[in-house]
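Working through the structure, step by step
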Amino acid sequence: MSLDDDEFQLPPVSELPTLESILNENDPASVSDDELSIPPTSLPKTAFTSEGGDTLSVHSRGSSDSRSRTSSDRHSSSGHSHGRHRSNTSTAKHHASILRHVILKGVAAQLISAHERVGAGLPTTMAVGNVICVGTSHGLILVFEPTQALKFCLGSDQLGEQYGSISALALNIDCSRLLAGFAKGQICLFDLTSGKLLQTIAEAHTPFTAVLHLKWTDYPGLAVISDSGGSVFELAVKRTMGLNSNESRCIFSGSRGEVCTIEPLQMSQFHATPLVDTVILAMATISKVIVVSLRPQLKVLFSHPLKAASATLPLLAWQFVVIQMPDGTRVIDPVLAFGRERTVYFYQLTHGSREDLHFIPLQKMTIDYVAQSISWLNSRTLAVMDTREHLHVIDVKTQEELETVDLAHLGLVYASPHFKAISTGGNVSKAMAFAGERACYHSMVSFGSQVLLLGTKSFQVVTVRSWLDRLEQLVRGKMVKEALQLALDIYQEKAQAVVGLTHKKEKRSQLVGGKIIELLNLYLDNSIDSLPDRSNLSLLTQYYTQVVPHCVSVSVGAGLIDMLFGRVWETFCDDAISKGIYLEALEPFILNDQLAEMSPIISQCLLSHYELSGRLQAAEACIVHLHVTSLDLHQAMTLCWTHGLYDAIFYVYNQGMRDFVTPLEELTTVLCNAMDSDEALSGNQVMLGNKILVYISCCLAGRAYPHGDIEQCDVKQVKHEIFKCITSLHSKNYKDSEQAYPFLRTLLRYDTREFLNVLALAFEEEEFTSELGKMQRQRVVDILLQVMVEGEGFDPAQLGALFTFIARQMSKQQGAIAVNKNLFEQVLTHLTSPGTQSHAEERQTALLELLQEGGLQHFGHDMLLNKAKESNFFRVCEFVYEKRGEHEYIMECYLEDPLRCHQVFRYIRTVITSPEFTDLHAQKIQRQFIKHIKTLLELDSSRVASVLLTLPMLTDLIPEIVETLRLDSQMLYNFLHGLFTYRSSHASPGVSELQEKYIDLMCQINPTQVYAHISRLPLDTDLSRHYKSAVNMNNKNL
């Protein structure tokens, strides 16, 4: 029987594609897989003819221009789309349509004919190899050739009446044997070379249960069975002495949890080397996934819980995947995808130590719909069928949904009667019957990179398009720009679901690069042919803005530099608008160093364009990222000096002439002349000064300016030349009026502090740590003193910065710098000058560093303390007091320092608990504590109470403190309030004798709290009296 073309409005077909041509498309795994030499999946070559069927896309109805239109071709057609195929909106332009979706019309027509004309029944299950086997509800099995011609019709009506419908099918590796399971529990073994029934197996699993799954393993003659009772058996089929036999063994009993699906790891399917005779089987119950090894011995390898709604079934799917390891290496290991409802897990199976097998979690994926079937399309792409019968294609790594196909029209076959065991009296659990309502394990079968879908009246195949097919599809749809972008993504290995590149990386790049050239030439031709009206400048600019940058981006991204500066430049250089857009499109790639070299002619045009448009900063940024051989040096230097592009001046001198000194001398002279004028420095001149300082710092650190590093062989020479320049006595061709050390003097005048910071950083380099380096450091200090102290023109703040610098250098290396002893007094005077408030903390830190490194011996302690107190250098005072052992005065340093006053309590606790603390120290601290008790209470009365009640050496001071505060009621109340508040929340010595005084003061100062306080204490006569007094006072106040 065949479908009536007129009835269904099908176009005539001149040449029929075969099943083999559809299923055996060259389809490797991911690009990474090819690189690691995973062979593509293919089937044995068989002879075929055009007889036996037709292949039409689900969207080809009404078409007359093609025998097979695929899912995405509809985007360019008018009508007939039916809304059945869609891509993720964020990626549709780049991916185009990833899926190729076709109907096997020949198979579908014969299934319908067999049902309607000979009563074969509706399809129930299928198995796919180099043949397609479809079981029916009346117990028949239709076996189709690669040509879609019917090869065998196995079974009979009598067999169907006796055994029920076909519930499971399994093809062995070479497709010579077919196992068929029936709804009433029987199993038949057929020879597919002759079509003969070899064995009927009646007692291989739990009696009176339907066969739900049959799976061959890689082990010869070994299959596994899952039945509606939830049990799993292994079945060994043998032929001995010309006789067929079989033997079964229970692997898992349904009494421990009913298994809903099984999936053996078939390494032969992926052309992988078997794991040393290891047979691995994944099983899933409603609540758990279990993986066991069947050979060499039965052993549980892994288990994982599954929690989901009771109406959902577990899902399993194996795939070999290239996995990036933490150390950067890549391995090819099987990955098990399993899940239920809205969650899918991915676990890697790998060898551990001693050849043990381990499961390693890779990732967890959560989806927005309820999954009812999953299949791998390739090692990076997963197909998920949801309960609305929408097929979702997902990139596993990014978890991005690439495309969705609506298959609701297919009439997907469900196996719910088998899961409910209707043919055997419905003897299954309620959980199995309820969950199996939407069981479709055998209706969506993965084969290589294809997913085959079995419907009640249709048979369809979904596969991933090859990369060339996707590009050509876009070109046919006049989407050349999108094709270019997709080709670039493939070239840069950013595209998803890429198949068809069965080559090493270098060859892949060559193939895709050639295609990009072809597409780019086509895009350029189309762009010229589609130019808008040249009189409309706005429209023309908008058009070029969309076209030109894309050409530049693709050329650079694919490494087509010759084409970028050849055909692309020639296409757009004659028009002023397109030329400008082209030149500006080069900028981002120049700045990220993707375009370091170009023709000087184009760089001339680029700089001229930026100069005319006033984009001078962009011009400078491009210059410092281009190789000097790409520049017209005369043009570049003229532009830089004219417009003050100082970074570019440094760059051209350094990289083009290997001269690091001349630009420093010339630009420092420019800065000096600006400072000698009576006018304030302009913003550009301030920027020049800052750039000179950064340039010197980079050179002395061995780094290139404005980016990169100086060549290692030149580092020492550059450091020497720069240091020699800034410390030179005179400039080249100097006049008699020039002061000594002009460059150093200019930089000190510009920004003393920052220039000294530059020198401080330079002194950290290894060149200044040797004996010769220490001499150079001493020479710099001598020059600085000569220029700033003995000379004129520097204010006290600048001199203070100098002495801070010297103090730090002296503290870092004892004896490395020798300074006249009288200068120490000058250092002290400048650092502690009370009139100089700027950078006070920095000056105090510098003086403290000097003292800590032994500088204390150069000063009289009393003089140093006096000057430190005058400048409020409390940390310096603390240092001197500590050296003198006068710890009691350190408390005053903390109390007088507004930045550290609250740290006084921590200091007291630290000193008193120190093992070096003596009774003499205790007495001194006690006196200071009493002396400053009011200040301490003002800071924090609760912390005063804490140290008094927790440090026994201070607890005895409480009565004396009370006496000291006797005349200050408020302060005494605060003190007592802190004591009793702390005591109420901490275990501490009793102070009950002060209760009455505390309540008296509370009656005067805070009477509203008296009752609350007394209510927490044992009642006695005295407290009652105080309470009445408080009440009376409140009444009078009222």
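- As recorded in an unreviewed UniProt entry, the chain goes by the name Vacuolar protein sorting-associated protein 8 central domain-containing protein, listed as coming from Meganyctiphanes norvegica.
- Looking at the Sequence similarities (unreviewed entry) heading of the UniProt record, one finds this comment for the chain: "Belongs to the VPS8 family."

Overview of the overall build of the chain
- Tallying secondary structure elements over the chain gives 38 helices and 28 strands in all.
- Considering the chain as a whole, with its 1038 residues, one finds that 53% of them fall into the buried category.
- For the chain, the proportion of contacts with a sequence separation of at least 24, taken over those separated by at least 6, is 58%.

Some details on the sheet that holds strand β5 (residues 132–136)
- Spatially, β4-β5-β6-β7 is the arrangement adopted by the four strands of the open sheet, whose pairing is antiparallel. Only two strands of the sheet have a single partner each, and these edge strands are β4 (123–128) and β7 (150–154). Put simply, the sheet's adjacent strands are angled 20 degrees from each other on average, direction ignored.
- In this sheet, strand β6 (residues 141–144) lies alongside β5 in antiparallel orientation, the contact comprising four bridges. Along β6, the bridge assignment pairs V134 with L142.

Some words on the packing of helix α16 (residues 633–643) against helix α17 (residues 646–657)
- At a minimum axis separation of 9 Å, α16 and α17 run at an interaxial angle of 150 degrees. In terms of their interaxial angle, α16 and α17 are classed as roughly antiparallel. Crossing geometry of α16 relative to α17 is assigned as left-handed. Every residue of α17 that contacts α16 at L633, M637, C640 and W641 is listed here: A648, I649, V652 and Y653.
- Per-class residue counts for the contact of α16 with α17 are eight nonpolar, no polar and no charged.

As for the nonpolar core
- One finds Y582, L586, F929, L948, F975 and L976 to be the most contacted residues of the largest nonpolar core, which totals 194 residues.
- Here this core takes nine residues from helix α11 (residues 537–557), the largest share from any one element.
- Residues contacting Y582, with those up to four places away along its chain left out, are V548, V552, L564, F565, V568, W569 and I602.
- Ranked by size, the runner-up nonpolar core spans 31 residues in total, among them C260, L313, A317 and A421.

As for the packing of aromatic side chains
- Under the defined criterion, the tally for this structure stands at 21 aromatic pairs.
- With a centroid separation of 5.4 Å and 25 degrees between ring planes, the pair formed by F338 and Y345 is classed as stacked. Each member of the pair F338 and Y345 is classed as buried.
- Between Y973 and Y998, the ring centres sit 5.8 Å apart and the planes meet at 20 degrees, which makes this aromatic pair stacked. Note that Y973 is positioned in helix α35 (residues 969–985) and Y998 in helix α36 (residues 995–1005), a separation of 25 residues in sequence. You'll find Y973 and Y998 in the same group, each marked buried.
- Three or more aromatic residues joined by ring pairs make a cluster, and in this case those are F302, F338, Y345, Y347 and F359.
- The ring of Y219 has R295 sitting right over it, with the charged end atom 5.2 Å from the ring centre.
- Sitting over the face of the ring of Y894, R900 holds its NZ or CZ atom 4.4 Å from the ring centroid.

Here's the deal with the sheet that holds strand β18 (residues 288–295)
- The strand order across the open sheet formed by four strands is β16-β17-β18-β19, and the pairing between neighbours is antiparallel. Only two strands of the sheet have a single partner each, and these edge strands are β16 (259–264) and β19 (299–305). Strand after strand, the sheet turns through a mean of 20 degrees between neighbouring axes, direction not considered.
- Here five bridges tie β16 to strand β17 (residues 279–285), and the two strands are oriented antiparallel to one another.

Let's talk about α16
- Those residues of α16 that fall on the buried side of the exposure criterion are Q635, A636, M637, L639 and C640.
- Those residues of α16 hidden inside the fold are in contact with α14 (600–612), α15 (616–623) and α17.
- With a side-chain oxygen positioned 3.2 Å from the backbone nitrogen of H634, the residue opening α16 is D632.
- Downstream of α16 by a residue or two, G644 has a phi angle that is positive, lying close to 65 degrees.

Some thoughts on unusual backbone geometry
- Following R295, the chain continues to P296 via a peptide bond in cis, the omega torsion being 5 degrees.
- Phi is positive for C175, which is not a glycine, with a value near 60 degrees.
- Relative to the assigned elements, C175 resides in the loop between β8 (166–171) and β9 (177–182).
- By relative accessible area, which is 12% here, C175 ends up buried.

Structural notes on the environment of S231
- Within the secondary structure, S231 sits in the loop between β13 (222–227) and β14 (232–240).
- In this structure the C-alpha to C-alpha distance between S231 and I251, which are 20 residues apart in sequence, comes to 7.7 Å.
- Leave out the neighbours within four places in its chain, and S231 touches T206, I225, S226, F252, S253 and G254.
- In terms of polar contacts, S231 uses its side chain to reach the backbone amide nitrogen of G254, at 2.9 Å.

Some details on the confidence of the model for the chain
- Averaged over every residue, the pLDDT of the chain is 83; the share at 70 or more is 85%.
- Every residue in residues 1–83 scores below 50 in pLDDT, and together they form 195 contacts with partners more than four places removed in sequence or on other chains.
- Counting interchain partners and residues more than four positions distant, the pLDDT-below-50 stretch residues 89–94 has 10 contacts.

Remarks on the packing of helix α21 (residues 742–750) against helix α23 (residues 771–789)
- At their nearest, the axes of α21 and α23 sit 11 Å apart, and the two run at 65 degrees to each other. Here α21 and α23 pass one another in a crossing that is right-handed. Contacts between α21 and α23 involve L744, R745 and L748 from the former and I783, L784, V787 and M788 from the latter.
- Looking at side-chain class alone, the contact of α21 with α23 contains six nonpolar, no polar and one charged residues.

A short note on the pattern of salt bridges
- Scanning the entire structure with this criterion turns up 29 salt bridges.
- Put simply, K515 and E518 hold a salt bridge, and the shortest N to O gap is 3.2 Å. With K515 and E518 both in helix α10 (residues 505–529) and three residues apart, the pair spans about one turn of that helix.
- Looking at E518, the relative accessible area reads 47%, which means it is partly exposed.
- Here D525 and R567 are joined by a salt bridge, their closest N and O atoms 2.6 Å apart. In this pair, D525 sits in helix α10 while R567 sits in helix α12 (residues 561–572), placing the two residues 42 residues apart along the sequence.
- Here R567 falls in the partly exposed class, since its relative accessible area comes to 27%.
- Here the salt bridges do not stand alone but share partners, grouping E234, R249 and R295 into one network.

Describing the pairing of β17
- For β17, the tally of buried residues reaches seven of seven residues, placing the bulk of the element in the interior.
- Along β17, one buried face is formed by V279, L281, M283 and T285 and the opposite face, lined by I280, A282 and A284, is buried too.
- In this structure, β17 lies alongside β18, joined through six bridges in antiparallel fashion. The residue of β18 that forms the bridge with A282 is V291.
- Connecting β17 to the antiparallel partner β18 that follows it, the hairpin turn spans two residues.

Focus on the environment of V279
- Positionally, V279 belongs in strand β17.
- Between the C-alpha atoms of V279 and T217, which are 62 residues apart in sequence, the distance is 7.0 Å.
- Excluding residues that lie within four positions of it along the chain, V279 makes contacts with T217, Y219, L222, V292, S293, L294 and R295.

Observations regarding the pairing of β8
- Of all six residues in β8, six are buried; the element is thus mostly enclosed.
- The sheet contact formed by β8 and β9 spans five bridges and is antiparallel. Considered in β9, the bridge of A170 is made with L179.
- Taking the residues between adjacent antiparallel strands as the criterion, β8 and β9 are bridged by five residues, where C175 takes a positive phi near 60 degrees.

What about helix α8 (residues 467–476)?
- Those residues of α8 that sit buried are W467, D469, R470, L471, Q473 and L474.
- At the C-terminal side of α8, K478 shows a positive phi close to 55 degrees.

Digging into the side chain of S458
- Looking at the element boundaries, S458 is found in the loop between β27 (450–454) and β28 (459–464).
- Residue contacts for S458: discarding those within four places in its chain leaves I103, A108, L410 and L453.

Rules and cut-offs
The residue count restarts for each chain, going from 1 along the sequence in the order it is written. Only residues with pLDDT of 70 or above have their local features reported here, since the model is predicted, and side-chain atom pairs are shown and tallied only from 80 upward, although totals for entire chains, interfaces and linings are computed over all residues. Side-chain numbers come from the whole structure's heavy atoms, not from hydrogens or water. UniProt positions are given in the numbering used here, feature names are shortened, and annotations may be inferred rather than shown by experiment. Numbering goes from the N terminus for both helices and strands, where a helix is a DSSP run of H or I of at least four residues and a strand is a run of E of at least two. Exposed residues in this analysis have more than 50% of their type's maximum accessible area, buried residues have under 20%, and partly exposed residues fall in between, with area computed by a 1.4 Å probe over protein chains only. Contacts between residues were defined by any pair of non-hydrogen atoms, one from each residue, lying within 4.5 Å. Here the rule is simple: two strands pair whenever DSSP picks up at least two bridges between them. Lines are fitted to the C-alpha atoms to define the axes, a helix being fitted only along its stretch in contact, and any angle between axes, read from their N-to-C directions, falls within 0 to 180 degrees. An angle counts as roughly parallel when it lies under 35 degrees, as roughly antiparallel when it exceeds 145, as roughly perpendicular when it falls between 65 and 115, and as oblique in every other case. In this scheme the handedness of a crossing depends on how the near helix is turned from the far one: anticlockwise by less than a right angle means left-handed, clockwise means right-handed. Residues were grouped as follows: Ala, Val, Leu, Ile, Met, Phe, Trp, Tyr, Cys and Pro as nonpolar; Asp, Glu, Lys and Arg as charged; and all remaining residues, including Gly, as polar. Here, nonpolar core refers to any group of buried Ala, Val, Leu, Ile, Met, Phe, Trp, Tyr and Cys residues whose side-chain atoms link them within 4.5 Å. Aromatic pairing here means that ring centres of Phe, Tyr or Trp (its six-membered ring) are within 6.5 Å. Orientation follows from the plane angle: under 30 degrees is stacked, over 60 is edge-to-face, and everything else is tilted. Note on geometry: a ring has a charge over it if NZ (lysine) or CZ (arginine) is within 6 Å of the ring centre and within 35 degrees of the ring normal. Polar contact criterion, stated in full: a pair of N or O atoms within 3.5 Å, where within protein one must be able to donate a hydrogen and the other to accept it, and residues adjacent in sequence count only if both atoms are side-chain atoms. Confidence of the prediction at every residue is given by pLDDT, a number between 0 and 100. Here, a salt bridge means any Lys or Arg side-chain nitrogen found within 4 Å of an Asp or Glu carboxyl oxygen.

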